[in-house]
Amino acid sequence: MAGRLVVVSNRVGDPRKPAAGGLAVAVGEALAASGGLWFGWSGKVVEQGDSGAMHSQQSGKVTLATLDLNAADHEAYYEGYSNRVLWPVFHYRLDLADFEAGFFEGYQRVNRLFARKLMTLLRPNDVIWVHDYHLIPLAAELRAAGCTQRIGFFLHIPLPPPLILAAIPAHEWLMRSLFAYDLVGLQSEADVEHFSRYVKSEAGAEPLGDDHYRAFDRQVRARAFPIGIDVNEFAALGETAESMEIRKTLHEQYAKRQLLIGVDRLDYSKGLPQRLRAFRRLLANYPENLKSATLIQVATPTREGLNAYADIRRELEGLSGEINGEFGELDWMPVRYIHRTLARRRLPGLYRAGRVALVTPLRDGMNLVAKEFIAAQDPEDPGVLVLSRFAGSAEQLREALLVNPYDTGATAEAVQRALRMPLGERRERHQALLTRIREQDVHWWRISFLRALEEAERAPG
Ligand code: ADQ
């Protein structure tokens, strides 16, 4: 790539430390390869005073530049507009969105602050890659401050259809902001379709073909770049002593049981109560699973300050208690619910011990757990992926057992089918899935996005 890479995301990770997943891995790697600047919020909230105190740290070839936010900005920009307006609406949950609380100004203010601070660090040939819903208006703010460098944006969460998006009072402003970028990357073809329909129906514009759109007096290129994982790195992680140890322990403990695995952030988009209800239906409808099928559900605490997250936690604890009370025996508990983050190096062992993975979000941009599960399997004796059709990854992972998580009975039936699937079929499906996640892995994602950004015609205006 010609210029220096500048990555901007809400949180900044240290590329030298083992990353917690997804974005941090992909971006950290891109930066570590070429060197560059990673800019974002420091994670620190100062109780008083202004936002904007800057910190800079060198990590190998990468400069990490971060800024602090004060409590009011953090509340309005991060907890408020990002996570109580954009996150729920983009996941189709209008019922959980809070449009009235006045977060909007804070979101604009912090994006402007990011732009102002970043401008002081930019060089003429930089290529800027902005990530995710917290920073949608960043390019427009940068342009207003005189930035002429190439700027690309990648949305990690789904883009909803126009009529859902239109529930956000500032939807037009948000979508107009996207046109300040040179390239907009989305996770799936469904998201691109929604983008295209929005441009037509709400902005009265026409797609120009070849992924280009013209609206709001500007032109932008929008395309799907489904994010992947580092398959080799993940498989190698599975060969570490710690991962083997977990696998061995689980094998011993559950020698006569069938393990089902769920690994998620504890978020209402992940469909966890629906998953537990489907598991309960499995036990009720297919009694041969009693004293055998065991669901290990690991759910990482996340955004705990928000009510919707406390509610989902309570619901989940209640449901697992009910299922264990109803079906459990002295020597068998059907649900093991763990409200914690597992160390990343322990994940492959857990996935590998699973006969079935339940990845059943109600809506998800991509879902990397599905891909990690595939990468961790033994190709000679692989487990089966039960995947929600509403995860972005369902467009690629057609050989998984695709389910509608709202349909409890049908999901239970698919899980039963997964548990009984003959070895030959398991191998065939796994082989096809593994090929797919290898073809479109995280390196492919990064390289194809950055290449498209480089090729994007610089829009006039
Ligand atoms: P997330 O909503 O966080 O990401 P996901 O894609 O599943 O969802 O990535 C989660 C990552 O965190 C995975 O690497 C997973 O291993 C790890 N993780 C999850 N729960 C864990 C646990 N309990 N313990 C340890 N690790 C855990 C957002 C979007 C997704 C999109 C990604 C990347 O919501 O749709 O796939 O960004 O673009």
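Starting afresh in each chain, residues are numbered from 1 along the sequence in its written order. The model is predicted, so local features are restricted to residues of pLDDT at least 70 and side-chain atom pairs to those at 80 or more, both for listing and for counting; the totals for chains, interfaces and linings are taken over all residues. Side-chain metrics in this entry use all non-hydrogen atoms of the structure; hydrogen atoms and water are not considered.

1. A look at the overall build of the protein
Counting its secondary structure elements, the protein contains 16 helices and 16 strands. We take the radius of gyration over the C-alpha atoms and set the globule estimate at 2.2 Å times the residue count to the 0.38 power. Computed over its C-alpha atoms, the radius of gyration of the protein comes to 23 Å, within 12% of the 23 Å expected for a compact globule of 461 residues. Once the C-alpha set of the protein is aligned to its principal axes, its extents read approximately 65 × 50 × 45 Å. The cut-offs for exposure are 20% and 50% of the maximum accessible area for each residue type, with area from a 1.4 Å probe on protein chains only; residues under the lower value are buried, those over the upper are exposed, and the others partly exposed. Of all 461 residues assigned to the protein, the portion counted as buried reaches 58%. Should any heavy atoms of two residues lie within 4.5 Å, those residues are considered in contact. Partitioning the intrachain contacts of the protein with sequence separation of at least 6 by distance along the chain shows that 77% fall at a separation of at least 24. The Shrake-Rupley method, run with a 1.4 Å probe, gives the accessible areas here. Residue values count only the displayed protein chains as cover. Total accessible area on the protein is roughly 18700 Å²; 48% of this is exposed by carbon and sulfur atoms. Each charge sign in the protein was given a centre, from 57 positive and 58 negative side chains, and these centres are 3 Å apart. To qualify as a helix, a DSSP run of H or I must reach at least 4 residues; to qualify as a strand, a run of E must reach at least 2; elements of each kind are numbered from the N terminus. Residues scored as charged are limited to Lys and Arg (positive) and Asp and Glu (negative), so that His and the chain ends carry no count. Where a charge sits is defined by one atom per residue type, namely NZ (Lys), CZ (Arg), CG (Asp) or CD (Glu).

2. Considering the sheet that holds strand S15 (residues 384–388)
Taking strand neighbours across the sheet as the criterion, the six strands line up as S13-S12-S11-S14-S15-S16 in an open arrangement whose pairing is parallel. Taken across any chain shown, the strands that pair with only one partner, and hence form the sheet edges, are strand S13 (335–338) and strand S16 (401–403). Adjacent strand axes in the sheet meet at a mean angle of 20°, parallel and antiparallel pairs treated alike. By the bridge criterion, four bridges tie strand S14 (residues 356–359) to S15 in an arrangement that is parallel. Bridge pairing in S15 places valine 359 opposite leucine 387. Only when DSSP finds a minimum of two bridges between them are two strands counted as paired. Axis lines are fitted to C-alpha atoms, over the contacting stretch for helices. Their N-to-C directions set the angle, which ranges from 0 to 180 degrees.

3. A look at the pairing of S15
Extensive coverage of S15 is indicated by the burial of five of its five residues. Covered by surrounding structure in S15 are Val384, Val386 and Ser388 together with Leu385 and Leu387, the residues of both alternating faces. When the strands point away from the viewer and the connection leading from the first strand across the helix to the second strand turns clockwise, the crossover is called right-handed. Following the chain from S14 across helix H13 (residues 368–376) to the adjacent parallel S15, one finds a crossover that is right-handed. Judged from the three bridges that link them, S15 and S16 form a sheet pairing that is parallel. From the neighbouring strand, leucine 387 faces S16, where its bridge partner is leucine 402.

4. Some words on the site of the ligand
Think of it this way: one heavy atom of a residue within 4 Å of a molecule or strand is enough to make that residue near it. Surrounding the ligand, one finds 26 residues, the nearest of these being His156, Thr300, Asp364, Met366 and Glu372. Taking aspartate 364, its side chain carries an N or O atom lying 2.5 Å from an oxygen atom of the ligand. Interatomic distance of 2.8 Å between a backbone N/O atom of leucine 368 and an oxygen atom of the ligand. Counting only elements with at least two residues in the shell around the ligand, the list comes to strand S11 (258–265), strand S12 (293–300), helix H12 (347–353) and H13. When grouped by side-chain class, the residues that make up the shell around the ligand number eleven nonpolar, eight polar and seven charged. Here a polar contact is recorded for every N or O atom pair within 3.5 Å, except that within protein the pair must consist of a potential hydrogen donor and a potential acceptor, and residues adjacent in sequence are included only if both atoms are side-chain atoms. Residue polarity is assigned by list, with Asp, Glu, Lys and Arg as charged and Ala, Val, Leu, Ile, Met, Phe, Trp, Tyr, Cys and Pro as nonpolar; anything else, Gly included, falls into the polar class.

5. Section: empty space enclosed by the protein
For each structure, a 1 Å grid was placed over the protein atoms alone; sets of points admitting a 1.4 Å probe that cannot get out are labelled cavities, open sets with protein on both sides within 12 Å along at least five of seven lines are labelled pockets, and lining residues have an atom within 4 Å of a point. Grid points are joined across faces, edges and corners, and a volume is the space filled by probe spheres set on the points. According to the stated counting rule, one finds five cavities of 30 Å³ or more in the structure shown. In this structure, the largest cavity spans a volume of roughly 70 Å³. Every residue lining the largest cavity is listed: Phe373, Ile374, Gly383, Val384, Leu385, Glu399, Ala400, Met421, Arg426, Arg429, His430 and Leu433. Of all the elements in the fold, those that place two or more residues in the lining of the largest cavity are H13, S15 and helix H15 (423–439). Of the residues forming the lining of the largest cavity, the biggest block, four residues, is contributed by H15. Among the residues forming the lining of the largest cavity, the class breakdown is seven nonpolar, two polar and three charged.

6. Overview of helix H10 (residues 272–285)
The end-to-end C-alpha distance of H10, which contains 14 residues, comes to 20 Å, matching closely the 20 Å that a straight helix rising 1.5 Å per residue would cover. Along H10, the positions that sit buried rather than exposed are Leu272, Pro273, Gln274, Arg275, Leu276, Ala278, Phe279, Leu282 and Leu283. Elements that come into contact with the buried residues of H10 comprise S11, S12, helix H11 (307–327), S13, S14 and helix H14 (408–420). How far a helix is expected to stretch is found by multiplying one less than its residue total by 1.5 Å.

7. What about the domain arrangement of the protein?
Per the domain assignment, the segments of the protein are domain 1 (5–228 + 442–455) and domain 2 (231–439). Distance from the C-alpha centre of domain 1 to the C-alpha centre of domain 2: 30 Å. The interface is formed by 26 residues belonging to domain 1 together with 19 residues belonging to domain 2. Where domain 1 abuts domain 2, roughly 1800 Å² becomes buried across the two surfaces, and 59% of that area is made up of carbon and sulfur atoms. Buried surface area refers to the total accessible area, computed with a probe of radius 1.4 Å, that the two partners give up upon joining, counted for both partners together. Considering only the side of domain 1, the residues that lose the most area to domain 2 are Trp87, His91 and Ile227, jointly responsible for 24% of the buried surface there. Domain delimitation in this document rests on an assignment produced automatically or drawn from a domain database.

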